[in-house]
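Spelled out from the first residue to the last, the chains are:
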Protein chains: 2
Amino acid sequence: MTVYNFSAGPAVLPKPVLEQAQKEMLDYRGSGMSVMELSHRSSEFEEIINAAELRLRDLMAIPDNYRVLFLQGGASLQFSMVPLNLTQKKKKAYYIVAGSWGKKAYTEAVKLAKTIDFQPELLASSEATVFNHIPTIEAASIDPEAAYVHLTTNNTIEGTAIYDLPDTNGVPIVADMSSNILAVRYQVSDFGLIYAGAQKNIGPAGVTIVIVRDDLLNDSPVLSAMLDYRIQAENGSLYNTPPTYGIYIARLVFDYVASLGGVDKMEEKNVEKANLLYEFIDQSDFYRNPVSVKGDRSICNIPFVTPSDELDQLFNKEALAHGFKNIKGHRSVGGMRASIYNAFPLEGVQDLLAFMKEFEERNKG
Amino acid sequence: MTVYNFSAGPAVLPKPVLEQAQKEMLDYRGSGMSVMELSHRSSEFEEIINAAELRLRDLMAIPDNYRVLFLQGGASLQFSMVPLNLTQKKKKAYYIVAGSWGKKAYTEAVKLAKTIDFQPELLASSEATVFNHIPTIEAASIDPEAAYVHLTTNNTIEGTAIYDLPDTNGVPIVADMSSNILAVRYQVSDFGLIYAGAQKNIGPAGVTIVIVRDDLLNDSPVLSAMLDYRIQAENGSLYNTPPTYGIYIARLVFDYVASLGGVDKMEEKNVEKANLLYEFIDQSDFYRNPVSVKGDRSICNIPFVTPSDELDQLFNKEALAHGFKNIKGHRSVGGMRASIYNAFPLEGVQDLLAFMKEFEERNKG
């Protein structure tokens with residue numbers, strides 16, 4: 001049985017990357033050591049982290065005035081690091097909340113504001129309609145002296161995405177890009193800061209990418225060196241021991257994406273995969289995608305439901321038996337969710353469609 | 001040429017562990033997925049993290065009233081997390097500074113105390129003598145109402161260790177055990193909290209172990225959920241996506257250590273390896289170990305020097321050509337350092353000794 005892994009993250013990785021990691025596990029390129037055993041100060045690891053950064057810069061066309069950091073703690077730690085570092089001079093920060101993770105980012109900011117001096121403000125939210133669309137904002141309502149406007153480019157749980165960035169009245173956009181980095185083409189220069197957990201489109205969990213515009217780096221130390229963008233930047237992500245093996249896998253993934261034609265090619269393939277599913281769901285009277293605005297649909301995470309909770313449960317049970325793993329929707333929303341990131345193969349989507357058709361035939365009223 | 005990796009961390013890992021990881025890289029035990037691709041909410045990963053915790057509890061004889069957490073950010077992030085969480089009620093915290101890392105822990109505490117309300121105090125320091133011994137303390141000088149006394153059980157850079165814990169007048173000891181966890185037998189019940197970066201005796205960089213006594217967990221939320229011991233404990237280290245692959249390797253290492261006879265056996269072997277080196281250095285007029293008190297010597301990190309900086313440089317150059325990698329001393333102290341953790345083989349120490357003898361013959365005055 002072919003296994004297809006629809007996990008929202010940690011997610012499927014390119015097979016050639018895993019094969020190379022397997023081959024090099026006991027001896028990284030003649031060093032006599034595993035990558036896991038390399039000192040982070042060794043020339044071998046220096047080459048790995050430098051190559052990873054260069055390739056990522058190339059893939060995302062990152063301008064020279066942006067720093068690339070390889071950190072730990074996932075997007076969740078960025079929820080605190082962003083305000084800790086970016087509100088030293090400008091004290092207001094706006095949040096667009098279009099999903100569960102965006103809400104967590106805002107909640108963490110509000111909590112932090114009890115200890116440090118800044119004012120997080122909820123700029124817009126679609127929570128009242130269970131995050132079924134991306135809320136719109138009015139540029140005129142944004143104080144141009146604010147530190148940043150925070151948004152999530154892709155809502156992993158709810159299956160929505162922002163493709164056209166809002167006008168923020170000149171205020172830098174800070175984006176959680178965890179679930180569609182390298183899957184959708186964005187212009188880095190449209191952002192002040194981008195962060196992403198690696199475990200969806202980049203590599204193993206435990207690596208966090210931060211791309212930050214030079215002029216936004218903090219001037220004064222923040223309360224912990226590990227949470228300090230400037231210290232991390234000035235130490236080339238080697239302030240302490242970074243997650244070396246994860247950075248190595250990320251480097252292999254970056255090389256692989258480049259070998260396939262880069263982000264534009266990835267986006268093209270992802271649109272093709274997603275459209276197969278959306279077109280089928282739209283013509284069906286049985287399946288339904290809960291996103292209310294078609295233009296807000298994610299091409300990475302595609303939630304759908306059948307006419308009843310009972311049928312959703314049956315679908316999930318039978319899908320698992322067919323080798324469709326982790327297709328169950330997030331525990332907070334139920335139903336099903338197909339996460340089809342860069343490394344997810346077209347054949348997996350085609351096989352899922354065949355199963356969905358067959359399931360519909362057997363179970364429609 | 002046999003390569004021996006004397007790196008202080010990331011360090012050598014047991015070969016059987018790497019071989020098993022290699023074998024399972026593309027298909028973890030029939031799942032059809034790599035461990036890197038497993039959802040952290042999957043039954044497969046649940047089994048991994050639970051088995052890792054159970055085995056560690058067994059190896060260290062961790063009492064039931066201690067929680068075991070698998071976190072990110074290394075010991076360096078613990079420098080901030082410890083005071084953030086442990087000073088909610090008791091406001092005073094003492095630091096014993098016997099090495100560069102202990103000094104960093106204290107410095108980070110002092111920095112944090114500018115933002116949150118607590119008083120870090122330097123209890124003792126051996127910095128004036130370049131950390132060449134463990135400073136002694138007077139129990140009577142410790143306020144019994146303090147939150148904790150922080151110490152480092154093994155000073156990686158300076159090559160010293162604390163084997164007999166000081167009397168702290170009833171105040172809980174918080175220990176950075178990064179460089180001798182599982183290498184030396186300690187009684188967990190002698191500590192309030194133990195933390196350790198994984199990259200020396202446990203697994204790949206990017207995993208941090210925290211062992212904390214139940215009653216010391218914070219009552220109120222701290223400023224960031226990711227830095228909150230109680231949130232991490234209540235979520236079984238799955239508040240967000242943990243470093244899954246690193247935890248998997250740690251589990252394999254724990255199993256391997258158990259298969260060899262556990263921590264007591266590791267300590268016995270480490271003492272044997274270290275004594276070979278120390279005895280040779282002590283009888284030599286050429287080599288010198290900079291630690292001034294023999295009882296304070298580390299069995300994990302053994303620094304040594306020749307009669308001159310020039311000879312140190314020559315030694316490092318020739319050693320590298322002989323396949324002795326990463327034996328150069330830390331950039332802050334120079335000379336040489338042999339880090340010989342659990343996974344470092346006796347043969348590597350014997351080969352190094354042969355080389356040291358031969359080098360001495362050729363270069364003595």
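Residues numbered from 1 in each chain as written. Chains lettered and ligands numbered in written order. Predicted model: local features only at pLDDT ≥ 70, side-chain atom pairs only at ≥ 80, totals over all residues. Heavy atoms only, no water.

On to the nonpolar core. In this structure, Tyr-245 of chain A together with Tyr-245 of chain B are the most contacted members of the largest nonpolar core, which totals 190 residues. Val-174 of chain A together with Ala-93, Ala-109 and Ala-147 of chain B belong to the second largest nonpolar core, which has 72 residues in total. (Core = buried A, V, L, I, M, F, W, Y, C linked by side-chain atoms within 4.5 Å. Buried < 20%, exposed > 50% of the residue type's maximum accessible area, 1.4 Å probe, protein only.)

Right, let's get into the relation of the copies chain A and chain B. These two copies of the chain differ by a rotation about an axis and a displacement along the same axis. Superposition record for chain A on chain B: RMSD 0.0 Å, screw rotation 180°, translation along axis 0.0 Å. Taken together, the rotation and translation relating the two chain copies correspond to the operation of a two-fold axis. For chain A, the residue whose C-alpha comes nearest the rotation axis is Gln-22 of chain A, separated from it by 2.6 Å. Taken as a fraction of all interface residues of chain A, those also at the interface in chain B reach 100%, which identifies the copy contact as same-surface. (Least-squares fit on C-alpha atoms with pLDDT ≥ 70 in both. Contact = heavy atoms within 4.5 Å.)

Bringing the packing of helix H8 (residues 309–321) of chain B against helix H9 (residues 346–363) of chain B into the picture now. Residue and element names in this part refer to chain B. Running from N to C, H8 and H9 point in directions that differ by 135°, and their axes come no closer than 11 Å. Between H8 and H9, the angle falls in the class oblique. You can see that H8 and H9 cross each other, and the crossing is right-handed. Between H8 and H9, the residues in contact are Leu-311, Leu-314, Phe-315, Glu-318 and Ala-319 and Leu-352, Phe-355, Met-356, Phe-359, Arg-362 and Asn-363, respectively. Among the residues forming the contact of H8 with H9, the class breakdown is eight nonpolar, one polar and two charged. (Axes fitted to C-alpha atoms, helices over the stretch in contact; angles between N-to-C directions. Helix = DSSP H or I, 4+ residues; strand = E, 2+ residues; numbered from the N terminus. Parallel < 35°, antiparallel > 145°, perpendicular 65-115°, else oblique. Left-handed = near helix turned anticlockwise from the far one by under 90°. Nonpolar A, V, L, I, M, F, W, Y, C, P; charged D, E, K, R; others polar.)

For the rest of this paragraph, the subject is the confidence of the model for chain A. Looking at chain A, the pLDDT average stands at 97 and 100% of residues meet or exceed 70. Prediction confidence for the complex, expressed as pTM and ipTM, is 0.98 and 0.98 respectively. (pLDDT = per-residue confidence, 0-100.)

Turning to the pairing of strand S11 (residues 301–304) of chain B, a few remarks are in order. All names here are of chain B. On S11, burial covers both faces: Asn-301 and Pro-303 on one face and Ile-302 and Phe-304 on the other are all buried. Bridge count for S11 against strand S13 (residues 336–339) is four bridges, and the pairing is antiparallel. Looking at S13, one finds that Pro-303 is bridged to Arg-337. (Pairing = 2+ DSSP bridges.)

Residue and element names in this part refer to chain A. Taking strand neighbours across the sheet as the criterion, the seven strands line up as S2-S10-S9-S8-S5-S3-S4 in an open arrangement whose pairing is mixed. Since the sheet does not close on itself, it has two edges, and those belong to strand S2 (66–71) and strand S4 (119–125), each with one partner. Within this sheet the neighbouring strands show an average axis-to-axis angle of 15°, counted without direction. Where strand S9 (residues 193–197) and strand S10 (residues 208–213) come together, five bridges link them in antiparallel fashion. Bridge pairing in S10 places Ala-196 opposite Ile-209. Of the strands in this sheet, S2, strand S3 (92–97), strand S5 (148–152), strand S8 (173–176), S9 and S10 touch helix H3 (residues 74–86), which is tilted by about 155° from S9. Its contacts with the sheet place helix H4 (residues 100–112) against S3, S4, S5 and S9, and it is angled at close to 155° to S3.

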